[in-house]
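If you want the building blocks of each chain, they are given just below.
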Amino acid sequence: MKKLVFLILFLFVVMEANAQQVIPLYKGAIPGAKTPPADYVEATVNGTDGVARVSKVVTPTLTAYLPSKPNGTAVIICPGGGYSILAFDKEGTLVAKRFSDLGITAFVLKYRLPSDAIMEDKSMGPLQDALQAIYLIRKNASVWNVDPAKIGIMGFSAGGHVASSLSVHYNDVKVQNQEGISLRPDFSVLIYPVINFGSYTHAGSVKNLLGENPTDAQRRYFSGELHINAQTPPAFLVHANNDGAVPVKNSLAYDEALAKNKVPAEMHIYQGGGHGFGMYNKTTKDDWFESLKNWMTANKWL
């Protein structure tokens, strides 16, 4: 058994400092990928606001934050950025560190951003990477001391769209899964998420994912609230009433559909905060992450 664990780690894991692991999402060729042009190179820009923005992701990865005393729960974190960049630290690594402190194994997903230059179908690239992430973690759950029945998906803004898309389209398998492993998340955490691709959407996310002229079928497929059923994972949602980028109606519609299908859910709507407040909404003393901890405890994930 020890030899098997070592082999899996050798094949999938590149070690970094501070007990982090950077794990290539795919072994070998990425399904549906195209050879990128020579000038299509991943870049990270550190803004004056202190946020690291990653663009032109060619090789998707999981960055694992492994707690010293894992409790069995795992969370895949999808940073946002309108499908044009990834706010990798603000909505990724900083969140993962806080989960790790609680004993939760956290994986930050560096998913490919939609581009015709590197994908045969750019609209499916981010969802495909999310499907592959949960496949990889559930398949190798014992390696990371993860309970395969306690794996959740989390996302901010457009990353929330990735997370909600996985939550409703987990049976639309777009990755190699000969073992027939379930790709359904056990829960979802959606922070000011893009949900709807219709009348109350984030126009930039729609354009970046689907192009200038999306079809009605595409808009419907990527409107998560339309595909919720009794098997949709329980959800925890956070939004601000004055969000000028992603209308609060996105979270409200998702929650309403969950309630209609009797799926457990909890939602927190702030008076202020706008869009993109990350871990801390500075307009209130309330800490939504503390409420998340309470919700996870009540549902036996913490």
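Structure shown above.
Residues numbered from 1 in each chain as written. Predicted model: local features only at pLDDT ≥ 70, side-chain atom pairs only at ≥ 80, totals over all residues. Heavy atoms only, no water.

*Asks:* What should I look at first to understand unusual backbone geometry in this one?
*Replies:* Note: most residues except glycine have negative phi, and most peptide bonds are trans. Despite not being glycine, serine 157 shows a phi value in the positive range, around 55°. Within the secondary structure, serine 157 is located in the loop between strand 9 (151–156) and helix 4 (158–169). A positive phi angle is found at tyrosine 192, which is not glycine, with a value near 35°. Positionally, tyrosine 192 belongs in the loop between strand 10 (187–191) and helix 5 (203–210). (Helix = DSSP H or I, 4+ residues; strand = E, 2+ residues; numbered from the N terminus.)

*Asks:* What is the right way to look at the packing of helix 3 (residues 125–139) against helix 4 in this model?
*Replies:* Between two packed helices, both the angle of their axes relative to each other and the distance between the axes serve to describe the pair. Two numbers describe how helix 3 lies on helix 4: the axes approach to 9 Å, and their chain directions differ by 65°. As far as their axial angle goes, helix 4 and helix 3 are roughly perpendicular. Helix 3 and helix 4 meet at a crossing whose hand is right-handed. Where helix 3 approaches helix 4, its residues Pro126, Leu127, Ala130 and Leu131 are matched on the opposing element by Val162, Ser165, Leu166 and His169. Tallied by class, residues from the contact of helix 3 with helix 4 come to six nonpolar, two polar and no charged. (Axes fitted to C-alpha atoms, helices over the stretch in contact; angles between N-to-C directions. Parallel < 35°, antiparallel > 145°, perpendicular 65-115°, else oblique. Left-handed = near helix turned anticlockwise from the far one by under 90°. Contact = heavy atoms within 4.5 Å. Nonpolar A, V, L, I, M, F, W, Y, C, P; charged D, E, K, R; others polar.)

*Asks:* Explain the side chain of threonine 93 to me, please; I cannot follow it from the model alone.
*Replies:* Considering the arrangement of structural elements, one finds threonine 93 in helix 2 (residues 89–101). When neighbours within four sequence positions are excluded, threonine 93 is seen to be in contact with Tyr65, Phe88 and Val108.

*Asks:* Can you help me understand the layout of surface pockets in this one?
*Replies:* Any space left empty among the atoms is revealed by the rolling of a water-sized probe across them. Of the pockets and cavities examined, the largest pocket occupies roughly 230 Å³. Lining the largest pocket are 13 residues, with Tyr26, Lys27, Gln132, Tyr135 and Gln176 sitting closest to its centre. If one sorts the elements of the lining of the largest pocket by residue count, helix 3 sits on top with four residues. Of the residues contributing to the lining of the largest pocket, the split by class is seven nonpolar, three polar and three charged. (1 Å grid on protein atoms, 1.4 Å probe; cavity = no way out; pocket = protein on both sides within 12 Å on 5 of 7 lines; lining within 4 Å. Points joined across faces, edges and corners; volume = space filled by probe spheres on them.)

*Asks:* What am I meant to see in the pattern of salt bridges here?
*Replies:* Once the charged atoms of two side chains with opposite charge are near each other, the side chains can pair. Considering all chains together, one arrives at ten salt bridges under this definition. Note that arginine 98 and glutamate 290 form a salt bridge whose closest N and O atoms lie 3.3 Å from each other. In this pair, arginine 98 sits in helix 2 while glutamate 290 sits in helix 8 (residues 288–298), placing the two residues 192 residues apart along the sequence. Overall, glutamate 290 belongs to the partly exposed group, its relative accessible area being 33%. Via salt bridges that share partners, Arg98, Asp287, Glu290 and Lys293 belong to a single interconnected network. (Salt bridge = Lys/Arg side-chain N within 4 Å of Asp/Glu carboxyl O. Buried < 20%, exposed > 50% of the residue type's maximum accessible area, 1.4 Å probe, protein only.)

*Asks:* Looking at this structure, I do not really get empty space enclosed by the protein. What am I missing?
*Replies:* Evaluation of the coordinates by the stated rule reveals one cavity of 30 Å³ or more. Within this model, the largest cavity holds a volume of roughly 30 Å³. Residue lining of the largest cavity: Tyr83, Ser123, Leu127, His161, Val162, Ser165, Leu209 and Phe222, and that is the complete set. With three residues, helix 4 is the largest single contributor of residues to the lining of the largest cavity. Class assignment of the residues belonging to the lining of the largest cavity gives a composition of five nonpolar, three polar and no charged.

*Asks:* Would you take a moment to explain the sheet that holds strand 3 (residues 43–46) for this structure?
*Replies:* Pairing between sheet strands relies on hydrogen bonds along the backbone, with the strands arranged either parallel or antiparallel. Taken in spatial order, the three strands of this open sheet run 3-4-7, and their pairing is antiparallel. Looking at the sheet topology across the chains shown, the edges are occupied by strand 3 and strand 7 (86–87). Judged from the four bridges that link them, strand 3 and strand 4 (residues 52–55) form a sheet pairing that is antiparallel. Following the sheet pairing, alanine 43 is matched in strand 4 by serine 55. (Pairing = 2+ DSSP bridges.)

*Asks:* Would you explain the nonpolar core in this entry?
*Replies:* Inside soluble globular proteins, nonpolar side chains tend to come together where they are buried. One finds Leu62, Phe99, Met154 and Trp288 to be the most contacted residues of the largest nonpolar core, which totals 86 residues. Take this core: its biggest share by element is eight residues, from helix 3. Dropping the residues within four chain positions of it, leucine 62 is found in contact with Gln21, Val22, Ile23, Leu25, Ile76, Phe107, Val108, Leu109, Ala133, Leu136 and Ile137. (Core = buried A, V, L, I, M, F, W, Y, C linked by side-chain atoms within 4.5 Å.)

*Asks:* Please explain the pairing of strand 2 (residues 20–24) as it appears in this structure.
*Replies:* A large share of strand 2 lies buried, amounting to four of its five residues. Relative to strand 5 (residues 61–65), strand 2 runs antiparallel, the two being bridged by five bridges. Residue glutamine 21 lies in a different strand from strand 5, and its bridge partner there is alanine 64.

*Asks:* How should I be thinking about the packing of aromatic side chains in this particular structure?
*Replies:* The way to describe two aromatic rings as a pair is by their centre distance and the angle between their planes. Applying the stated rule across the entire model yields 13 aromatic pairs. Consider the rings of phenylalanine 236 and tryptophan 295, whose centres lie 5.6 Å apart with planes at 45°: the pair is tilted. One end of the pair, phenylalanine 236, is in strand 11 (residues 235–240); the other, tryptophan 295, is in helix 8, with 59 residues separating them in the sequence. For the pair formed by phenylalanine 236 and tryptophan 295, the shared burial category is buried. An aromatic cluster is built from Phe99, Phe156, Tyr192, Tyr270, Phe277, Trp288 and Phe289, whose rings are joined through pairwise contacts. For lysine 56, the ring lying beneath its charged end belongs to tyrosine 40, and the centroid distance is 5.6 Å. (Phe/Tyr/Trp six-rings, centres within 6.5 Å; stacked < 30°, edge-to-face > 60°. Lys NZ or Arg CZ within 6 Å of the ring centre and 35° of its normal.)

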